[in-house]
Amino acid sequence: MSSIRHEKMADLPTKHKAEHEGYEYLRRDFIRRGEANSTQVSIYEIPPKKSIPTIIT
């Protein structure tokens, strides 16, 4: 990849993942695996109150 890439977030392919009630995210692949040498870029969106912190005691 030898050029500068510009994209609108709305135009990126989106994957929704919700493994359980308290954890959910949207992943938008900007540079997909295999599209560039050793590079993968994704943008993650976490909705409000959908990331439960882990408490280590």
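Our subject is the structure that appears above.
Below or above, wherever it landed, is the structure these notes cover. (Residues numbered from 1 in each chain as written. Predicted model: local features only at pLDDT ≥ 70, side-chain atom pairs only at ≥ 80, totals over all residues. Heavy atoms only, no water.)

### Looking at the sheet that holds strand 2 (residues 23–36)
Thinking step 1. Strand order in the open sheet formed by three strands is 1-2-3, and the pairing between neighbours is antiparallel. In this open sheet, the two edge strands, each paired with only one partner strand, are strand 1 (14–20) and strand 3 (39–45). Across the sheet, the axes of successive neighbouring strands diverge by a mean angle of 30 degrees, strand direction being ignored.
Thinking step 2. As paired elements, strand 1 and strand 2 share five bridges and run antiparallel to each other. Following the sheet pairing, T14 is matched in strand 2 by R28. (Pairing = 2+ DSSP bridges. Helix = DSSP H or I, 4+ residues; strand = E, 2+ residues; numbered from the N terminus. Axes fitted to C-alpha atoms, helices over the stretch in contact; angles between N-to-C directions.)

### Description of the packing of aromatic side chains
When we look at a pair of aromatic rings, we describe it by the centre distance and by the angle of the planes.
Thinking step 1. Per the counting criterion, the structure on display carries two aromatic pairs.
Thinking step 2. Their ring planes at 70 degrees and their centres at 5.8 Å tell us that Y23 and Y25 sit as a pair that is edge-to-face.
Thinking step 3. On the basis of relative accessibility, which here comes to 32%, the residue Y23 falls in the partly exposed class.
Thinking step 4. Among the residues examined, Y25 registers a relative accessible area of 14% and is labelled buried.
Thinking step 5. Ring geometry for Y25 against Y44: centres 5.3 Å apart, planes inclined by 55 degrees, an arrangement best described as tilted. Of the two residues, Y25 is situated in strand 2 and Y44 in strand 3; the sequence distance between them amounts to 19 residues.
Thinking step 6. Within the aromatic cluster, the residues linked to one another by ring pairs are Y23, Y25 and Y44.
Thinking step 7. Across the ring face of F30, the terminal group of R5 is positioned such that the distance to the ring centre comes to 5.0 Å. (Phe/Tyr/Trp six-rings, centres within 6.5 Å; stacked < 30°, edge-to-face > 60°. Buried < 20%, exposed > 50% of the residue type's maximum accessible area, 1.4 Å probe, protein only. Lys NZ or Arg CZ within 6 Å of the ring centre and 35° of its normal.)

### Comments concerning the environment of E21
Thinking step 1. Tracing the chain through its elements places E21 in the loop between strand 1 and strand 2.
Thinking step 2. Along the backbone, E21 and K50 are 29 residues apart, and their C-alpha atoms lie at a distance of 7.8 Å.

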